[in-house]
Amino acid sequence: CGVFGIFNHPQAADLTYYGLHALQHRGQESAGIAVSDGKRLKHHHGMGLVNQAFSRDILDKMDGNMAIGHVRYSTSGESLLKNAQPLVFNYSKGDLAVAHNGNLVNARIERDVLQQQGSIFQTTTDTEVIAHLIARSKKQRFEHAAPDILSRIDGSFALVIMTENQLLIALDRHGLRPLSLGKIGDDAIVASSETCAFNAVGAKFWRDVEPGEWILINENGIETGRFAKKEEMSLCSFEFVYFARPDSVIRGRSVLSIRKELGETLAKEHPVEADVVVAVPESSIPSALGYAHQLDIPYEMGLIKNPYAGRSFIEPTQELRELAVRLKLSAVEEIIEGKRVVLIDDSIVRGTTIKRIVKLIQDAGAKEVHVRISSPMVRNPCFYGVDMPTKEEMLANRHEQEQAMGETIGADSLAFLSTDGLLEAVNIDLAETNQHCIACFSGAYPTHLYLD
Ligand code: 5GP
Ligand code: SF4
Ligand code: MG
C-alpha cells in the first residue's frame, strides 16, 4: 500500500490525489482520500486506480487544508470497498481517519481483546484495530491517546492519522516500511510512503521518519516523540528489489542506483556468455542495465509491455492466464531470434510468471534463454505487508537444486543473487544484517510473529 498526508495547504485534496497517483505502483485495488476543513472530515473511496476512484467533480467537493490518502493492495482483509482506506470513524472525541501501509502481526490478538470489551468491527482489516485502540484509550485527547497506543501494535506500519485539525505520522519500531516527510514552501508539510510523490506535488524532501517515532502536527506546530526505543532498523529489502519506484530515495539511497548495483553484482556472481540482455519490464530494467554494463553485453528492449494491461495473476484459468501474459508482454523477434538471451527478472516467487515469459522468448526464436534473478530465492512468507503465497507454492521450496528449478521454468540455466550480494548492494554492514529485513529470503524475522 501507499500512504500520503498533507497539512496546511489550500489544495490539500488535489495534492493528495496527485501524491496517490505517484504512489499508484504500491496498490491498485482501491484508493481513498479524507479531507478536513478544520471542522469536519469528508471522505471518498473507490475501487481500482486513483483516476477510476476519483473524478474532478468529487475532488471539487473535497475542500479543506489537510488531507490523507491511501492506495491499497490487500494482504490482510479482502479486496472490498468497505476495506478501502483511509478508514473513517466518528467517535466520542470527534472524527478520525486512518491510512496504513504495512501489516500488524498482533492485530488478531488485539482485535479479540477489543471485541471482548465491546468493540464492533466494521472491516476485516488489521488497520481498524488502531482506530479502536485510540477510541478506547483512557487518555482523553487525541494528541495524547494516539502516540500512547502505538506501543501496543507490532509489525509493520507507516501510518498517517487525521482528526478535524491534527495530523499524526508514525513509523513502526523496526522501520520496516519507508516513510518520508517533505515541505511545500515554508508552511505546508507532507508525508509520503515514497519520495517520488514529493516531485509530483512540488514538495522538497525534508527528512525520513525514524523507526519508533511519532510526529504530531497541529495549529501549535510540530511535536515529535518516541513510542519505542530505537531498535535495530530492519527496512524491507524487497522495497529495493521490486516494490518501490526507481526514482524514490529511501533512507538516503536511490532505488534506481541500488537496483543497478543488484544487476552488477548478479553479473559478477553468475556471468553467462550471451548476445543480448533483456529485462522483464518494468521493475527489472535497472538491474538488467547493471548486468549488461558489467559484462559488456548489449541491453535491448526485447520485451515490450502494454501499459494498459491489468495484472495477470488474477485470471481464473490457465489458458486465460497465458493469454493475459501475451496481452501484457510481447517479445520483439528482431532482437531475440537466433540469439543467446539473458533474461533478467527481479524475483521468483511461484515461478509461474517467469515460466510463461521464458516460453514467450523461446517462441520468438531465442537460441538459449538464461534466467538471472536480481534477488535471492524467496522461501518464506512475508508477515509485513508484501503479498506472498504459502511456502509450499514457492518454486524454491519445491526443488532442492537450482538446476531443477531452471528445468521447471524451461530455461537453459537459472541463477539467483546471493543474500550477501543483496546486503552489499543495499550497502550495510554484513555483521549487522538486521538493518534490512531479508526474512522472505532468509527466514529470520525481525519481530515476534504471534503465530499459535
Ligand atoms: P511468480 O514467481 O509468483 O509467478 O511471480 C513473481 C513476480 O510477480 C515477481 O517478478 C514480481 O515482480 C511480481 N509481483 C507482482 N506483484 C507481486 C506481489 O504482490 N508479491 C510478490 N511477491 N510478487 C509480485
Ligand atoms: Fe520485505 Fe521480505 Fe521482510 Fe516482507 S519478509 S518485509 S517482503 S524483506
Ligand atoms: Mg516482475
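Residues numbered from 1 in each chain as written. Chains lettered and ligands numbered in written order. Predicted model: local features only at pLDDT ≥ 70, side-chain atom pairs only at ≥ 80, totals over all residues.

Novice: Got a minute to help me understand the site of ligand 2 in this structure?
Specialist: Contacts to ligand 2 come from L176, C236, S237, F238, C382, Y384, V386, C437, I438, A439 and C440. Within the shell around ligand 2, the residues separate by chemical class into 10 nonpolar, one polar and no charged. (Near = placed C-beta within 6 Å. Nonpolar A, V, L, I, M, F, W, Y, C, P; charged D, E, K, R; others polar.)

Novice: Please explain the environment of R56 as it appears in this structure.
Specialist: Within the element layout of this structure, R56 appears in helix α3 (residues 56-60). Counting along the chain gives 141 residues from R56 to A197, while the straight-line C-alpha distance between them is 20 Å. (Helix = DSSP H or I, 4+ residues; strand = E, 2+ residues; numbered from the N terminus.)

Novice: Any chance you could explain the site of ligand 1 here in plain terms?
Specialist: Around ligand 1 sit 15 residues, and of these V349, R350, T352, T353 and D387 come closest. Take the shell around ligand 1: its biggest share by element is three residues, from helix α13 (residues 352-363). Looking at the shell around ligand 1 residue by residue, the class counts come to six nonpolar, five polar and four charged.

Novice: Would you mind going over the domain arrangement of the protein chain with me for this structure?
Specialist: Interface size, as often reported, equals the accessible area lost upon joining of the parts. One can read the domain layout of the protein chain as domain 1 (2-231) and domain 2 (255-427). Spacing between the C-alpha centres of domain 1 and domain 2 amounts to 34 Å. Residue-level contacts link 10 residues of domain 1 with five residues of domain 2. Mapped by element, the contributors of at least two residues to the side of domain 1 that touches domain 2 are β6 (94-104) and β7 (155-162). (Domains from an automatic or database assignment. Contact = placed C-beta atoms within 7 Å.)

Novice: Looking at this model, I keep getting lost on the sheet that holds strand β21 (residues 368-373). Mind explaining?
Specialist: To summarise the sheet geometry, strands pair through backbone hydrogen bonds and adopt either a parallel or an antiparallel arrangement. With parallel pairing, the four strands of this open sheet are ordered in space as β17-β20-β21-β22. The open sheet is flanked by β17 (276-279) and β22 (413-416), the only strands paired with a single partner. Neighbour-to-neighbour, the strand axes of the sheet open up by a mean angle of 20°, direction not taken into account. Direction of pairing for β17 relative to strand β20 (residues 340-345): parallel, over a ladder of four bridges. Along β20, the bridge assignment pairs V278 with L343. The sheet contacts of helix α10 (residues 285-295) involve β17, β20 and β21, and relative to β17 the element is tilted by about 165°. (Pairing = 2+ DSSP bridges. Axes fitted to C-alpha atoms, helices over the stretch in contact; angles between N-to-C directions.)

Novice: Can you walk me through unusual backbone geometry in this structure?
Specialist: The phi angle of most residues is negative, glycine excepted, and most peptide bonds adopt the trans form. Of note, the bond from Q85 into P86 is cis; its omega dihedral lies within 30 degrees of zero at 0°. Tracing the backbone through its elements, the reader meets P86 in the loop between β4 (66-72) and β5 (87-91). Of note, the bond from P281 into E282 is cis; its omega dihedral lies within 30 degrees of zero at -5°. By the secondary structure assignment, E282 is in the loop between β17 and α10. Even without being glycine, N8 reaches a positive phi, approximately 70°. Classification of N8 as partly exposed rests on a count of 18 C-beta atoms within 10 Å. Phi at D296 takes a positive value of approximately 60°, unusual for a residue other than glycine. Turning to its location among the elements, D296 is positioned in the loop between α10 and β18 (303-305). Judged by the 7 C-beta atoms lying within 10 Å of it, D296 is exposed. (Buried ≥ 20, exposed ≤ 12 C-beta atoms within 10 Å, placed from the backbone.)

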